[in-house]
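Chain residues, written in single-letter form:
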Amino acid sequence: MPECTAGGTLIYYSLRRIGKELHSVSVERSICPDIYHPAIARDGLLTRLRIPGGVLNESQCLTIASLLESLSLEYIQVTNRANLQLRSLAKDLDRELLSKLADCGLAAGNSAVDGIRNIMISPTAGIDSQESIDVRPLADAWHEYLTEHPELGVLSSKFSVGFDGGGSVGIVDRPNDITLLAVGSREFSLYLGMRERGDPPLPVDVRLDSDECVPMLAAIAQSYRRGSEVLGGDARRKPRLRDAIGHYGLTGFGEVVQREFGTSRRFVFKNLDLKRFSTENGDVAQTQSRLSDRHLGVHQQCQSDCYYLGVVLPLGRWSGSQVRGVGSIAARYGSGQIRLTPWQNLIIPDVQAIDLARVQGLINDLSLVTTANHPSSLLRACAGATGCQFSATDTQRDAIALSEYLAANFTLDRPLNIHFSGCDKSCAQHDRADITLWGDERTRSYRLAIGGFTDRSEPEQSDLLAPLSVPIAIGNLIAAYHHQRLNPQESFESFTTRQSPVQLHQILHAV
């Protein structure tokens with residue numbers, strides 16, 4: 001295979017499985033890679049293992065650990081789509097490795113559909129005592145549909161579908177193109193992604209019975225495909241679902257879907273007043289706070305005497321030894337299943353009460369933790385300057401330095417969310433954080449936003465934080481929050497809102 005070169009589109013050879021044979025096909029590298037089609041990044045080739053539903057088993061963990069060893073990579077990363085990402089590859093994966101990954105379900109048998117196996121489910125599906133519907137069978141049925149319809153491979157590799165059972169750990173706020181949210185024992189509300197990049201999908205006032213869900217998804221996907229053919233695009237920038245909706249208009253797109261759906265059932269896609277919709281329809285997406293740290297720690301399942309443990313993966317990094325260890329723990333003390341989360345962590349379900357202490361000890365032996373207020377659980381960071389040409393700062397290095405500083409100097413009594421973004425694209429986390437550090441291209445420093453997104457105007461030099469000063473400045477802010485809040489229950493947002501810009505500046509830069 002040709003080596004990658006800078007400046008220009010690179011044509012290379014991927015491998016397609018047809019029946020039991022792998023055949024070479026010439027394609028362009030994508031900006032959103034799958035295992036057959038790596039992308040070019042600053043630190044080498046980048047590729048992703050699409051994990052439908054984020055569910056793994058011990059055998060797959062062993063395969064992943066062996067893959068890391070064969071590629072001489074220290075770790076694999078869990079992404080914010082609950083997939084797995086490999087970076088710094090020197091070359092494309094060879095035929096033998098691809099075949100091994102396909103055989104164990106870590107890659108699609110047909111490379112045409114591997115890139116669209118973005119299927120997200122509530123990480124606690126089937127074990128959450130608060131959920132209305134176990135969405136796992138629907139996710140499996142949708143994956144089977146994708147596998148049987150290779151014509152959908154022309155869609156953007158970012159095309160994603162979410163299934164939210166309405167439980168305590170939800171994913172309806174994740175930026176999927178389509179989300180089905182359970183709102184009753186057999187009923188779902190349909191959400192479509194039609195706003196800007198990174199925005200969550202919106203309800204369109206369509207309710208579906210469980211048996212209508214996959215036909216509706218198929219109708220939307222096929223309508224999206226036809227819209228993509230009209231809109232054009234190229235291998236690097238294929239139209240998104242929101243582009244197709246924008247082309248037809250929401251009502252017009254609904255009419256196209258209606259024809260594809262092909263039954264006497266009538267529906268109209270509508271733009272809704274979200275506040276009114278949530279009040280009238282009891283939509284948990286708008287009425288229930290669903291925090292990203294809620295899955296961490298030990299939680300009782302709806303099954304008698306069973307618990308799940310949410311485990312922190314710092315910056316989503318999962319080393320080969322940890323992959324093997326977690327797989328072994330899940331097989332011995334659970335049901336053999338591991339669930340990845342869109343918050344770049346994992347869950348080990350189905351652990352009996354008698355084994356909890358032992359399992360927690362084994363997790364600690366892997367240098368992993370389960371507590372939501374541990375410093376390593378606070379942080380999200382993009383690839384940074386070592387991996388991305390658009391990043392102004394080395395976000396991964398700087399996030400690790402902050403985590404180590406906080407771990408050595410603080411005992412946190414409640415979770416916080418700190419987000420490092422090397423540019424304004426916010427790839428690692430699309431929703432707001434308690435603290436956001438934005439890479440500034442001009443100075444290679446950070447602009448700071450507290451409780452939301454910062455002003456994009458040119459910052460004053462005194463308002464910027466050099467990477468080396470970030471740990472102390474953020475430490476000062478956390479210390480002030482601990483010592484000056486009105487009571488132990490006051491939130492970080494409430495505390496910082498009470499401070500004037502001058503007061504915040506003095507806190508950050510205190511000696």
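## Regarding the pattern of salt bridges
Thought 1: Scanning the entire structure with this criterion turns up 19 salt bridges.
Thought 2: Between R136 and D134 there is a salt bridge; the shortest N-O distance is 2.8 Å.
Thought 3: A relative accessible area of 30% places R136 in the partly exposed class.
Thought 4: A relative accessible area of 29% places D134 in the partly exposed class.
Thought 5: Two residues, R498 and E490, come together in a salt bridge whose shortest N-O distance is 2.8 Å.
Thought 6: By relative accessible area, which is 38% here, R498 ends up partly exposed.
Thought 7: Under the relative-accessibility criterion, E490 is labelled buried at 6%.
Thought 8: Linked by salt bridges that have partners in common, D173, R174 and D431 make up one network.

## As for the sheet that holds strand 19 (residues 418-421)
Thought 1: The four strands are arranged 18-19-20-21 in an open sheet whose pairing can be described as mixed. Among the strands making up the open sheet, the edge pair consists of strand 18 (379-381) and strand 21 (445-450). Here the average twist between neighbouring strands, direction ignored, is 20°.
Thought 2: Bridge count between strand 19 and strand 20 (residues 435-440): four bridges; the pairing is parallel.

## Concerning the confidence of the model for the protein chain
Thought 1: Looking at the protein chain as a whole, its pLDDT mean stands at 88, while 87% of the residues score no less than 70.
Thought 2: In this model residues 285-290 is a low-confidence stretch, pLDDT under 50, and it forms 19 contacts with partners more than four residues away in sequence or in other chains.
Thought 3: In the model, residues 453-461 has pLDDT below 50 throughout and makes 19 contacts with residues more than four positions away in sequence or in other chains.

The rules behind these values
Residues numbered from 1 in each chain as written. Predicted model: local features only at pLDDT ≥ 70, side-chain atom pairs only at ≥ 80, totals over all residues. Heavy atoms only, no water. Salt bridge = Lys/Arg side-chain N within 4 Å of Asp/Glu carboxyl O. Buried < 20%, exposed > 50% of the residue type's maximum accessible area, 1.4 Å probe, protein only. Pairing = 2+ DSSP bridges. Helix = DSSP H or I, 4+ residues; strand = E, 2+ residues; numbered from the N terminus. Axes fitted to C-alpha atoms, helices over the stretch in contact; angles between N-to-C directions. pLDDT = per-residue confidence, 0-100. Contact = heavy atoms within 4.5 Å.

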